[in-house]
Amino acid sequence: MRQKKKWAEWAWDAWCVASVIGLWPRFIEPHLLSVTKLALPIPRLPPNLNGLNILQFSDLHWSWRFSWHLKRKLIRKINRLKPDMIVFTGDFLCRSKLEDKEGLKSLLSSLQAPYGCFAILGNHDYERFITVNGEGYYDVEHPSETSDIGKGFKRLFSSTMLTGQATAEARKVSQHQELIDLLSQTPFQLLNNETQLVSLKDCKINVCGLEEYSLGRFNPEKAFQDYDRAYPGIVLSHNPDTIERLKPYPGDIILAGHTHGGQVNLPFLWRKFTQIEHLEFKSGLKSIGKKWAYINRGLASVMRFRWFAMPELTLLTLQVEKDG
């Protein structure tokens, strides 16, 4: 059943309307959808893979409140782009709650790509939701009477130094079996610290998917065991803090999400809403030695409020690197 709005949410919506300046981030920008198109030169890319299109989307945060308008726009735009491959970089759910199962299944089943659809899990996608606690550790979120609005305001007046470590309780959290079962009924193949070698265009490409960093499950040693260095590779890792840790491993493009592009992307404020260790990985394209990394702004969030962090699809086109 649909959840009723709490009084704090009604008050928040009323303020957004009355203040006028709240209209854009609350009622307009979260329903928009931009497409970022990038042509990336890849060292030693086989000529057969020149022009290969990979579509990334992230941070769906599916719930009963997910915008039906955004859902229709998402399906339409992805299918019009006709990507060769689709990848999802984590956070199917909101706070580990699987709501409107048939709606989520319908959305994911509406997306098709000739060379496959691949996905990894985010910190919202396990049996319990993992977030940053008051001491800066990744921890299980415990029940609270505070609304999402209240939690958002609390962040404005607090400062937490991240440790990069998960608590023992977070490490014990199991996979969300109901979500795993649902994904098995869609075109999306879930990658948990593993690499899939995909045959395409008389060639091959590695697709490597890492488990979630904030649960202590990020295990590149295991994930790259079956990686074939003779071929190029795409690496999926939800939290961009893992980008630094992935430097010694193979792969040409690292794709991440998690940050929502800062979400409230205003000077000084975005740092309060972007809980990562490496703030330089808030969003966008990064050059990491001979690799590329892209941090997608995602599609939704627990709190539907975005300021200069428009929901995003990323279309990556692989190109043969030119000499000189």
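Coordinates for the structure precede this section.
Criteria and thresholds
- Residues numbered from 1 in each chain as written.
- Predicted model: local features only at pLDDT ≥ 70, side-chain atom pairs only at ≥ 80, totals over all residues.
- Heavy atoms only, no water.
- Phe/Tyr/Trp six-rings, centres within 6.5 Å; stacked < 30°, edge-to-face > 60°.
- Buried < 20%, exposed > 50% of the residue type's maximum accessible area, 1.4 Å probe, protein only.
- Helix = DSSP H or I, 4+ residues; strand = E, 2+ residues; numbered from the N terminus.
- Contact = heavy atoms within 4.5 Å.
- Lys, Arg positive; Asp, Glu negative; His and termini not counted.
- Salt bridge = Lys/Arg side-chain N within 4 Å of Asp/Glu carboxyl O.
- Polar contact = N/O pair within 3.5 Å; in protein donor to acceptor, adjacent residues only side chain to side chain.
- Pairing = 2+ DSSP bridges.
- Axes fitted to C-alpha atoms, helices over the stretch in contact; angles between N-to-C directions.

S.K.: So, the packing of aromatic side chains: which residues are in play, and what are the values?
M.R.: Describing an aromatic ring pair means giving the distance of the ring centres and the angle of the ring planes. Scanning the entire structure with this criterion turns up 9 aromatic pairs. On the basis of an interplanar angle of 35 degrees and a centroid distance of 4.9 Å, the ring pair of Trp62 and Phe66 is categorised as tilted. Neither residue differs from the other here; Trp62 and Phe66 are each classed as buried. Aromatic ring contacts, followed pair by pair, group Phe57, Phe88, Phe92 and Phe188 into a single cluster.

S.K.: Account for the environment of His278, naming residues and giving values.
M.R.: Checked against the element boundaries, His278 lands in the loop between helix H9 (269-273) and strand S12 (284-288). Remark: the alpha-carbon pair of His278 and Ile243, spanning 35 residues in sequence, is separated by 9.2 Å. Ignoring any residue separated from it by four or fewer positions in sequence, one finds His278 in contact with Asp241 and Glu244.

S.K.: Can you break down unusual backbone geometry residue by residue, with the values?
M.R.: Positive phi outside glycine occurs at Asp59, with the angle close to 50 degrees. Tracing the backbone shows Asp59 in the loop between strand S2 (53-57) and helix H3 (68-81). If you check the backbone angles, His258 has positive phi at about 80 degrees while not being a glycine. Relative to the elements of secondary structure, His258 occurs in the loop between strand S11 (253-256) and H9. On the basis of relative accessibility, which here comes to 17%, the residue His258 falls in the buried class.

S.K.: So what's going on with the side chain of Asp59? Residues and values would help.
M.R.: Although buried, Asp59 forms no salt bridge, and the nearest oppositely charged side chain, Arg306, lies 6.8 Å from it. Polar contacts involving the side chain of Asp59 include one to the side chain of Ser58, which spans 2.6 Å. In this structure the side chain of Asp59 is engaged in a polar contact, spanning 2.9 Å, whose partner is the backbone nitrogen of His258. Excluding residues that lie within four positions of it along the chain, Asp59 makes contacts with Phe88, Gly90, Asp91, His238, Gly257, His258, His260, Gly298, Leu299 and Ala300.

S.K.: Just give me the short version of the pattern of salt bridges, but keep the residues and values in it.
M.R.: Going through the model one piece at a time under the given rule, you end up with 7 salt bridges. The salt bridge involving Arg297 is made with Glu312; its shortest N-O contact spans 3.6 Å. With Arg297 in the loop between strand S13 (291-295) and strand S14 (312-320) and Glu312 in strand S14, this residue pair connects regions lying 15 residues apart in the sequence. Here Arg297 falls in the buried class, since its relative accessible area comes to 18%. According to the relative accessible area criterion, Glu312 is buried, its value standing at 0%.

S.K.: Which residues make up the side chain of Ser67, and what values do they have?
M.R.: Among the secondary structure elements, Ser67 is positioned in the loop between S2 and H3. In this structure Ser67 comes out as buried when scored by relative accessible area, which is 10%. Side-chain polar atoms of Ser67 contact the side chain of His31, separated by 3.0 Å. Apart from residues no more than four positions distant in its own chain, Ser67 is found in contact with His31 and Arg304.

S.K.: Any details on the sheet that holds strand S8 (residues 194-200)? Residues and values, ideally.
M.R.: Ordered in space as S8-S9-S10-S11-S13-S12, the 6 strands form an open sheet in which the pairing is mixed. If you trace the sheet from one side to the other, it starts and ends with S8 and S12, each paired once. Averaged over all adjacent pairs, the angle separating strand axes in this sheet is 20 degrees, with direction ignored. As paired elements, strand S10 (residues 233-236) and S11 share 3 bridges and run parallel to each other. In the strand pairing of S11, Val235 is matched with Ile254.

Fair warning: the whole summary comes from geometry, so function is off the table for now.
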